[in-house]
Amino acid sequence: MAAEGEKENPLIPPWPELVIGLIAFVIVFGFLAKKLLPNINKVLEQRREAIEGGIEKAEAAQTEAQSVLEQYKAQLAEARHEAARLRQEAQEQGATLIAEMRAEGQRQREEIIAAGHSQLAADRKAAASALRQDVGQLATELAGKLVGESLADHARQSRTIDRFLDGLDETASKAEATR
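Small disclaimer: the values here were computed from a predicted structure and weren't measured.

S.K.: Got a minute to help me understand the overall build of the protein chain in this structure?
M.R.: On a plain count of helices and strands, the protein chain comes out with three helices and zero strands. Counting from the amino terminus, the protein chain carries its helices and strands in the arrangement α-α-α. By the burial criterion, 3% of the 179 residues in the protein chain qualify as buried. Here the protein chain has roughly 15900 Å² of accessible surface; of this, 62% comes from carbon and sulfur atoms.

This is the structure in structure tokens:
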């Protein structure tokens, strides 16, 4: 047995076990190759197709997103252009409105000034007329007292008053012209 023990190597199996193991391996490998390998290949092919389809879908979605982005940018640029145009129109309308309002204000101011001047002239005439009557009456009374006779004659009284006031007007006009 000692000679047999030295001959047998524990790392090298006996020939019948080696043949049986090799046959079992071929059977298991054949079974796996016939049944399991086609299923694995089928699943791998489906995954590859799904990945390629996903990539194609992603590329299509990216192309569509790029197209939508370009449309959005174009619409945004158009909206900005339209907003600038509207803003310019509003500024022009505002300037026109301001000019119209200034012209209307100027016209109203001139009307008010003209009305004031005409009112002032009318008031001056009324005051001059009232003053003329009062001064004439006082002058007639004073002249009557000085002369000692009544100047009740209305026509004579009016002529005297008119001459006196005309003389005053001429004196006042000359005084203003020399200034």
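S.K.: Please explain the packing of aromatic side chains as it appears in this structure.
M.R.: The relative placement of two aromatic rings is captured by the distance of their centres and the angle of their planes. For the structure on display, the rule yields one aromatic pair. Ring plane angle 20° and centroid distance 6.1 Å describe the contact between Phe-25 and Phe-29, whose orientation is recorded as stacked. Of this pair, Phe-25 and Phe-29 are both found in helix α2 (residues 15–147), four residues apart, which corresponds to roughly one turn of the helix. Of the two residues, Phe-25 and Phe-29, neither departs from the other in class, the shared state being exposed.

S.K.: Explain the pattern of salt bridges here, please?
M.R.: Pairing of side chains with opposite charge becomes possible as their charged atoms draw close. Applying the stated criterion across every chain, the model contains six salt bridges. Here Glu-111 ties to Arg-107 by a salt bridge, and the two come within 2.2 Å at their closest N and O atoms. Separated by four residues within a single helix, Glu-111 and Arg-107 lie in helix α2, roughly one turn from each other. Using a relative accessible area of 44% as the deciding quantity, one classes Glu-111 as partly exposed. When its relative accessible area of 36% is taken as the criterion, Arg-107 is described as partly exposed. Overlapping salt bridges bring together Glu-45, Arg-48 and Glu-52 as one network.

About the criteria used
- Residues numbered from 1 in each chain as written.
- Predicted model: local features only at pLDDT ≥ 70, side-chain atom pairs only at ≥ 80, totals over all residues.
- Heavy atoms only, no water.
- Helix = DSSP H or I, 4+ residues; strand = E, 2+ residues; numbered from the N terminus.
- Buried < 20%, exposed > 50% of the residue type's maximum accessible area, 1.4 Å probe, protein only.
- Areas by Shrake-Rupley, 256 points an atom, 1.4 Å probe, with all protein chains shown as cover.
- Phe/Tyr/Trp six-rings, centres within 6.5 Å; stacked < 30°, edge-to-face > 60°.
- Salt bridge = Lys/Arg side-chain N within 4 Å of Asp/Glu carboxyl O.

None of the figures reported here should be taken as evidence of function without further support.
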